[in-house]
Amino acid sequence: MKKSNYAMWGLPENVTFCNKCVISNQRPNSTVEMKNKNMKKDTISFNKEGICSACEYAETKIETNWKEREELLFELLEPFRSKDGGYDVLVPSSGGKDSAFQAHILKYKYKMNPLAITWAPNMFTRAGWMNFNNLSRIGGIDSFLYTPNGKLHSYLTKLAFKNLGHPFQPFIHGQKIVGPKLAEKFGISLIMYGENQAEYGNPLENNADPFMEPEFFSIDDPRDMVLGGESVSSIIEKTDFIFRDFEPYIPPTPSTLLEKGIKVTYLGYFEKWDPQECYYYAVDNTGFMPSYERSIGTYSRYTEIDDKIVPFHFYMTYIKFGIGRATYDAAQEVRNGKITRDEAAYLVKKFDGEFPERYIKEFCKYIDISIKEFHEIVNSFRSPHLWVENSGKWRLRHTVALDGFDDE
Ligand SMILES: [Zn+2]
């Protein structure tokens, strides 16, 4: 193996792009496990025609009988429907357009009594805070904001950035477990997530069932739980944090969920998911507003705009996998028939990997590092099979527009 082609984290050594959208074969199915540089990584699969599994899933969406799925959801909801006016479905809400759509149709179309639960962003943006409030003020949805200890959360974010190149990991962890955790506390038996993970290229066979396994949230001993790439017990050992500070991060056990009959499902199984349509719906029904400015690293103004950390998350996916925010947005829009692959490739070339200048000082202050350290950490995550340093500038070896260093 040539040293220059060495692929960190077991990513595929040869970079290829989907023939239909603009995603590359480097897209991981889970972005968390980045610590061991020699491990085998589970990435998006491509079929014999060079089409990614997310595009294949988009095809199945066209063939699905959505009317039938809608009826199935009415049926599924019936036994959960509250008879005493209590909450009967919990919607883990990012505060974004998708969860606004989700909570609103559950209440007004399916006549349920949803409670939207938001795991607080690291650093709310102005648009994010306004949209969070509008969901109840204009959308008429009861909502609950769960904010973990900010000292611990920013520390975990720092660990996640340094260890995993993934500053968003503690937030994602919280967002994933806050549903089951608070469903148990509020006595709500149904949790409904949003889109199907197959939208992004996760294995299709995991998505044939509308219910998710409770094992999905399983951990044996909370002290062994890994946050930001380190176990809870090792964090306690080297800091002033104590075990009870970690309470918000500890999910209920699968057996608790089983005992209480808590079911976990997702709306994307029952309703055709189209991010642009969710956006229009949320604007009309829950007072959702796009961001004031174009989002960093992409061309859109209405996707994942709640947290100032989001641009750093996508900047790091660009560094680690060569896949930035514009690639994710454009690939999704090709799949949903909004733009062509050529248009998408142009947008990727123009916006992918844009540096998050707007929030860099705030971000470094939040996780207590210098800007110099920031760049050192970033560069430690550049895999040689993706990046080359040329005349003092980093360049991707391969791009979807075929203008990478090794494409020429
Ligand atoms: Zn594709």
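Scroll up for the structure.
Cut-offs used in this document
Residues numbered from 1 in each chain as written. Predicted model: local features only at pLDDT ≥ 70, side-chain atom pairs only at ≥ 80, totals over all residues. Heavy atoms only, no water. Helix = DSSP H or I, 4+ residues; strand = E, 2+ residues; numbered from the N terminus. Rg over C-alpha atoms; globule rule 2.2 N^0.38 Å. Buried < 20%, exposed > 50% of the residue type's maximum accessible area, 1.4 Å probe, protein only. Areas by Shrake-Rupley, 256 points an atom, 1.4 Å probe, with all protein chains shown as cover. Lys, Arg positive; Asp, Glu negative; His and termini not counted. Charge placed at Lys NZ, Arg CZ, Asp CG, Glu CD. Donors = N, O, S within 2.8 Å, 3.2 Å for Na, K, Ca; no water. Tetrahedral: all angles 85-135°; square planar, octahedral: opposite > 155°, others 65-115°. Axes fitted to C-alpha atoms, helices over the stretch in contact; angles between N-to-C directions. Parallel < 35°, antiparallel > 145°, perpendicular 65-115°, else oblique. Contact = heavy atoms within 4.5 Å. Nonpolar A, V, L, I, M, F, W, Y, C, P; charged D, E, K, R; others polar. Arc of directions from axis to C-beta.

Chemist: What is the right way to look at the overall build of the protein in this model?
Modeler: For the protein, the helix and strand inventory stands at 14 helices and 9 strands. In terms of C-alpha radius of gyration, the protein reaches 21 Å, essentially the compact-globule figure of 22 Å for 408 residues. For the protein, the proportion of its 408 residues judged to be buried stands at 56%. Surface exposure of the protein reaches about 18,500 Å², of which carbon and sulfur atoms provide 50%. Considering the protein, the positive charge centre built from 50 side chains and the negative charge centre built from 56 side chains are found 5 Å apart.

Chemist: What exactly am I supposed to notice about the coordination of the zinc ion here?
Modeler: Six octahedral donors at a metal ideally form angles of 90 or 180 degrees, and four tetrahedral donors ideally form angles of 109.5 degrees. Taken together, C18 (SG), C21 (SG), C52 (SG) and C55 (SG) make up the protein donors of the zinc ion, found 2.3 Å from the metal. Every donor counted, the 4 donor atoms about the zinc ion form angles of 104 to 114° at the centre, which fits tetrahedral coordination. Positions of the donor residues of the zinc ion, expressed as sequence spacing, correspond to C-x2-C-x30-C-x2-C. With C21 in the segment before α1 (53-63) and C55 in helix α1, this residue pair connects regions lying 34 residues apart in the sequence. Accessibility expressed as a relative area gives 4% for C55, which makes it buried.

Chemist: What should I look at first to understand the packing of helix α11 (residues 325-335) against helix α12 (residues 341-351) in this one?
Modeler: The axes of two packed helices give the description: the angle between them and the distance between them. With their axes 9 Å apart at the nearest point, α11 and α12 run at an angle of 170° to one another. By the angle between their directions, the pair α11 and α12 is classed as roughly antiparallel. Seen from α11, the contacting residues are A326, T327, A330 and V334; seen from α12, they are R341, A344, L347, V348 and F351. Considering only residue class, the contact of α11 with α12 consists of 7 nonpolar, 1 polar and 1 charged.

Chemist: Just to check I follow, could you spell out the side chain of T43 for this structure?
Modeler: Inspection of the secondary structure puts T43 in the segment before α1. For T43, the residues in contact, after removing those within four places along its chain, are L11, P12, N25, Q26, R27, P28 and N29.

Chemist: Explain the environment of G194 here, please?
Modeler: When you line up the elements, G194 lands in the loop between β4 (190-193) and β5 (226-227). Here G194 falls in the buried class, since its relative accessible area comes to 11%. Through-space distance from the C-alpha of G194 to that of V15 is 31 Å; in sequence the pair is 179 residues apart.

Chemist: How should I be thinking about the environment of S94 in this particular structure?
Modeler: Take S94: it is sitting in the loop between β1 (89-92) and α3 (97-108). Sequence separation of S94 and F171 is 77 residues, and the distance between their C-alpha atoms is 10 Å.

Chemist: Looking at this structure, how should I read helix α13 (residues 360-367)?
Modeler: Given 3.6 residues per helical turn, the α-helix brings residues three or four places apart onto the same face. Turning to α13, its buried residues number three or more, namely I360, F363, C364, Y366 and I367. Burial along α13 is one-sided: seen end-on, the buried residues are contained in an arc of 160°. Residues of α13 that are exposed and point over 90 degrees away from its buried face: K361 and K365. On the buried face of α13, the contacting elements are α5 (150-164), α10 (310-321) and α14 (371-380). Following α13 by one or two positions, D368 adopts a phi angle in the positive range, close to 60°.

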